[in-house]
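Each chain, written out:
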Amino acid sequence: MDAIGVLMMCPMSNYLEQELDNRFKLFRYWAQPKQRDFLADHAASIRAVVGNATAGADAELIASLPKLEIVSCFSVGLDKVDLIKCKEKGIRVTNTPDVLTDDVADLAIGLILAVLRRICECDKYVRRGAWKLGDFKLTTKFSGKRVGIIGLGRIGLAVAERVEAFDCPISYYSRSKKGNTNYTYYGSVVELASNSDILVVAWSLTPETTHIVNRQVIEALGPKGILINIGRGPHIDEAEMVSALVEGRLGGAGLDVFEKEPEVPEQLFGLENVVLLPHVGSGTEETRKAMADLVLGNLEAHFSSKPLLTPVV
Ligand code: NAP
């Protein structure tokens, strides 16, 4: 397969990059000084794109690659791929579901505990020697709190299963009520937020789910409410969230994702009720290797005319 051109959009995994280089004719898009010229010169040999949560295949890229057959994503979220264009043109699309579910759900629990128990602040307190001057102030209990989950997909459900161990009443909002759980269903995000102490965003990002957490939802969650985002940054109206946190209208936030990554609103840096992570939901050695193997497996299946491992389109 070493004559098949594969375009990798940005650095995402050294292992994946090396394996793509070994098995295919790899083009590194980010390393091209003149990307338009590069596409004009090599479009005829590029049959696959490898993207992720940062860079995928938009309509412009798809239009410039007439030989494109498959977009293999190193992510479960497909918000950086124009799925409609891919369907129209018969381009196959794959992602990396399931293998990252545990890590992202684990991190959601970590964020909840870090915000409520001020784990990062406690760590700083010890490191700067403040403990010698007195005990750390009291924090907030997690066990038993009402947890609302936006999106009961694979990750949302895995968060719910973990939260059960903390004896928390669980409710959710999805496009439709799920037949396979006894968790309480609310028909709107505002209703869910009104009935939650902790609101976890675990949805897919689409134009319809952008800013699903708006001012009204933030007000419904309230000054003691905690917002956790392990979905995508644009799910939350970030400007509204920042002013609510600064003004004390929202109790706290644990955020792995942001609207304009890697930009993070600086007003958040001074707030001790906020925990900020650099989009590391699936960022463990084990999971990133499994994701890379899925990307490679999907490409090899496609170019050997075998069934795709994780087809989306
Ligand atoms: P999933 O099993 O496909 O679940 C997707 C969820 O999104 C479902 O609850 C679904 O709602 C909802 N949804 C809303 N609109 C949708 C649409 N137009 N198409 C498909 N689903 C839609 O995905 P997952 O594995 O749980 O992952 C969920 C999201 O988490 C990903 O899309 C990604 O954005 C994010 N994620 C973040 C990280 C991170 O590093 N922070 C890592 C992995 C994933 P219904 O219940 O109504 O069907």
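Scroll up for the structure.
Scoring rules and cut-offs
- Residues numbered from 1 in each chain as written.
- Predicted model: local features only at pLDDT ≥ 70, side-chain atom pairs only at ≥ 80, totals over all residues.
- Heavy atoms only, no water.
- Salt bridge = Lys/Arg side-chain N within 4 Å of Asp/Glu carboxyl O.
- Helix = DSSP H or I, 4+ residues; strand = E, 2+ residues; numbered from the N terminus.
- Buried < 20%, exposed > 50% of the residue type's maximum accessible area, 1.4 Å probe, protein only.
- Near = heavy atom within 4 Å.
- Polar contact = N/O pair within 3.5 Å; in protein donor to acceptor, adjacent residues only side chain to side chain.
- Areas by Shrake-Rupley, 256 points an atom, 1.4 Å probe, with all protein chains shown as cover.
- Nonpolar A, V, L, I, M, F, W, Y, C, P; charged D, E, K, R; others polar.
- Core = buried A, V, L, I, M, F, W, Y, C linked by side-chain atoms within 4.5 Å.
- Contact = heavy atoms within 4.5 Å.
- Arc of directions from axis to C-beta.
- 1 Å grid on protein atoms, 1.4 Å probe; cavity = no way out; pocket = protein on both sides within 12 Å on 5 of 7 lines; lining within 4 Å.
- Points joined across faces, edges and corners; volume = space filled by probe spheres on them.
- Phe/Tyr/Trp six-rings, centres within 6.5 Å; stacked < 30°, edge-to-face > 60°.
- Pairing = 2+ DSSP bridges.
- Right-handed = clockwise from strand over helix to strand, strands pointing away.

### Here we look at the pattern of salt bridges
Stage number 1. The tally for this structure, following the rule as stated, stands at 20 salt bridges.
Stage number 2. Among the ionic pairs, D102 bridges to R162, the shortest N-O distance being 3.0 Å. Taken together, the residues D102 in helix 5 (residues 101-116) and R162 in helix 7 (residues 154-164) connect sequence positions 60 residues apart.
Stage number 3. The partner of D197 in a salt bridge is R146, with the nearest N and O atoms 3.0 Å apart. Here D197, found in the loop between helix 8 (189-194) and strand 9 (198-201), pairs with R146, found in the loop between helix 6 (119-127) and strand 6 (147-150); they are 51 residues apart in sequence, far enough to count as distant.
Stage number 4. A residue is classified by how much of its surface remains accessible, and R146, at 33% relative accessible area, is partly exposed.
Stage number 5. In the salt-bridge network here, residues are joined through shared partners; they are R215, E219, E240, E247 and R249.

### Description of the site of the ligand
Stage number 1. The local shell around the ligand holds 26 residues, among which R154, I155, S174, R175 and K178 are the closest.
Stage number 2. Residue R175 places a main-chain N or O atom 2.6 Å away from an oxygen atom belonging to the ligand.
Stage number 3. Taking D256, its side chain carries an N or O atom lying 2.9 Å from a nitrogen atom of the ligand.
Stage number 4. Contact with the protein chains covers 84% of the free accessible surface of the ligand, which is 920 Å².
Stage number 5. Class assignment for the residues of the shell around the ligand results in nine nonpolar, twelve polar and five charged.

### A look at the nonpolar core
Stage number 1. One finds L16, L20, V50, I149, I198, V200 and L299 to be the most contacted residues of the largest nonpolar core, which totals 51 residues.
Stage number 2. Ranked by residue count, the leading element in this core is helix 5, at nine residues.
Stage number 3. Leave out the neighbours within four places in its chain, and V50 touches V6, L7, M8, M9, M12, L16, L20, S72, V295 and L299.
Stage number 4. A193, V213, L250 and L255 belong to the second-largest nonpolar core, a separate cluster that totals 26 residues.

### A look at helix 10 (residues 238-246)
Each α-helix turn comprises 3.6 residues. Residues three or four places apart therefore point the same way.
Stage number 1. Listed in full, the buried residues belonging to helix 10 are E238, M241, V242, A244 and L245. Seen along its axis, helix 10 keeps its buried residues to an arc of 165 degrees; they face one direction.
Stage number 2. Residues of helix 10 that are buried sit in contact with helix 9 (215-221), strand 10 (226-229), strand 11 (252-255) and strand 12 (274-276).
Stage number 3. Looking one or two places after helix 10, you find G248, whose phi comes out positive at around 75 degrees.

### Examining the environment of E300
Stage number 1. Within the element layout of this structure, E300 appears in helix 11 (residues 285-303).
Stage number 2. Between the C-alpha atom of E300 and that of G179, which follows or precedes it by 121 residues, the distance is 36 Å.
Stage number 3. Those residues within four positions of E300 in sequence are excluded, and the remaining contacts are M1, R23 and F24.
Stage number 4. Polar contacts involving the side chain of E300 include one to the side chain of R23, which spans 3.3 Å.

### Focus on the layout of surface pockets
Stage number 1. In this structure, the second largest pocket encloses a volume near 230 Å³.
Stage number 2. The wall of the second largest pocket is formed by 18 residues, among which L116, R118, T140, K224 and I226 lie closest to the centre.

### Some thoughts on the packing of aromatic side chains
Both the distance between ring centres and the angle between the ring planes are used here to describe each pair of aromatic rings.
Stage number 1. All chains considered together, the criterion is met by eight aromatic pairs.
Stage number 2. Here F27 and F38 contribute two aromatic rings whose centre-to-centre distance is 5.6 Å and whose plane-to-plane angle is 65 degrees, an arrangement assigned as edge-to-face. Separated by eleven residues along the polypeptide, F27 in strand 2 (residues 25-28) and F38 in helix 2 (residues 35-42) bring together distant segments of the chain.
Stage number 3. Judged by its relative accessible area of 5%, F38 falls in the buried class.
Stage number 4. Ring plane angle 45 degrees and centroid distance 5.7 Å describe the contact between Y173 and W203, whose orientation is recorded as tilted. Of this pair, Y173 sits in strand 7 (residues 170-173) while W203 sits in the loop between strand 9 and helix 9, placing them 30 residues apart in sequence. As far as the burial class goes, Y173 and W203 line up, both buried.
Stage number 5. The structure contains a cluster of three or more aromatic residues connected by ring pairs, namely Y172, Y173, Y185 and W203.

### Observations concerning the pairing of strand 3 (residues 46-51)
Stage number 1. By the criterion of burial, strand 3 is predominantly enclosed, with five of the six residues buried.
Stage number 2. Relative to strand 3, strand 1 (residues 5-8) runs parallel, the two being bridged by four bridges. The residue of strand 3 that forms the bridge with M8 is V50.
Stage number 3. Across four bridges, the pairing between strand 3 and strand 4 (residues 70-73) is parallel. From the neighbouring strand, V50 faces strand 4, where its bridge partner is S72.
Stage number 4. Crossover strand 3 to strand 4 through helix 3 (residues 59-64) is right-handed.

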